[in-house]
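Overview (structure and organization)
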Amino acid sequence: MHDTRAFQVFRAVVVTVLAVVTLLPLYVMATSSLKPLQDVRGAFSWWPTNLTLQPFVDMWTTVPLARYFLNSLVVSSAATIASLVIAIFASYAVSRYRFRGRTLFTTTVLSTQMFPGVLFLLPLFIIFVNLEQGTGVQLVGTRIGLIITYLTFSLPFSIWMLSGYLDNIPQELDEAARVDGCSPIGALLRVVLPAARPGVIAVAIYAFMTAWGEVLFASVMTTEENRTLAVGIRQYSTQTNVYWNEIMAASLVVSVPVVIGFLLLQRHFVAGLTAGAVK
């Protein structure tokens, strides 16, 4: 009983410390976004003395934030959909069929996650440039090039995670669907996918968040016209000024859709990760 009580106290202390460490930066960000610029530059105060919503108005005109937001939404959504579609069919084949090179394929797919993304920056850039010279299709500085780039990150882990989830779904469901006249694709779409909804949602959230917050490749593969939010927010810092309050306001605004979506789908995300990680 004594040990249990001690553990409860320890757990409460750890949770409190973690909550403070997590929420304190968010509180500073929120209060700074409600201050005039001169107050943000001055002595720090825990509560703004001159509350103003002007930073939330000016942030749209100081930089083309709406365009950056649209670019991020288009690129992240397209990368998520493409990753999801490919991962569904690839993971179904890995989970349900035994073919030559299956183990090598899954090992190779998972091993790509061990390398830092910066190692792929120069090779991808060279490949895109050579493809443009050979085919005339421009990939560097375009949305489609950035979508393909993000697929190289999200797709391998998506295939591995979703195939692990499908392994936990009884193959008898497939067989029953085929007895009823479904083709293998029909069994996948009508029977297996509805049962694998948590895993599919987990893959979608992972792919979207990977693309939404990526900075390195977006800073190299984009131009002013198709710049994403992760890179565009840096434009609030110029050679002569740094609009700290607008940076904080923009960071809050662009985070709201992702946070809301994650909170709404959190239960499915955790279930998908748990089932996909344990075979």
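Small disclaimer: the values here were computed from a predicted structure and weren't measured. (Residues numbered from 1 in each chain as written. Predicted model: local features only at pLDDT ≥ 70, side-chain atom pairs only at ≥ 80, totals over all residues. Heavy atoms only, no water.)

**A short note on the pattern of salt bridges**
- Enumeration according to the criterion identifies 3 salt bridges in this entry.
- For Glu225, the salt bridge is made with Arg67, and the minimal N-O distance between the two is 4.0 Å. A residue pair is termed long-range when its members are at least 10 positions apart, and Glu225 in the loop between helix H11 (216–221) and helix H12 (229–232) and Arg67 in helix H4 (residues 65–96) qualify at 158 residues.
- Note on Glu225: relative accessible area 53%, which makes it exposed. (Salt bridge = Lys/Arg side-chain N within 4 Å of Asp/Glu carboxyl O. Helix = DSSP H or I, 4+ residues; strand = E, 2+ residues; numbered from the N terminus. Buried < 20%, exposed > 50% of the residue type's maximum accessible area, 1.4 Å probe, protein only.)

**A short note on a nonpolar patch on the surface**
- Together, Val20, Leu24, Tyr27, Phe44, Trp46, Trp47 and Leu51 make up a nonpolar patch on the protein surface, roughly 760 Å² of accessible area in all.
- Mapped onto the elements of the fold, Leu51 is located in the loop between helix H2 (37–41) and helix H3 (54–62).
- Look at Leu51 and you get exposed, because its relative accessible area is 53%. (Patch = residues over 30% accessible without salt bridge, like charges linked within 9 Å, V, L, I, M, F, W, Y side chains within 5 Å. Areas by Shrake-Rupley, 256 points an atom, 1.4 Å probe, with all protein chains shown as cover.)

**Quick look at the nonpolar core**
- Judged by nonpolar contacts, the single largest core of 17 residues is most densely connected at Tyr92, Leu166, Ile169 and Val192.
- Listing elements by their share of this core, those giving two or more residues are H4, helix H7 (143–167), helix H9 (184–195) and helix H10 (197–212).
- Looking at which element gives the most residues to this core, the answer is H7, with 4 residues.
- Aside from chain neighbours lying at most four places away, what touches Val192 is Tyr92, Arg96, Leu166, Ile169, Asp174 and Ala187.
- If you look at the next biggest cluster of nonpolar residues, it comprises 16 residues, including Leu121, Val140, Phe153 and Ala218. (Core = buried A, V, L, I, M, F, W, Y, C linked by side-chain atoms within 4.5 Å. Contact = heavy atoms within 4.5 Å.)

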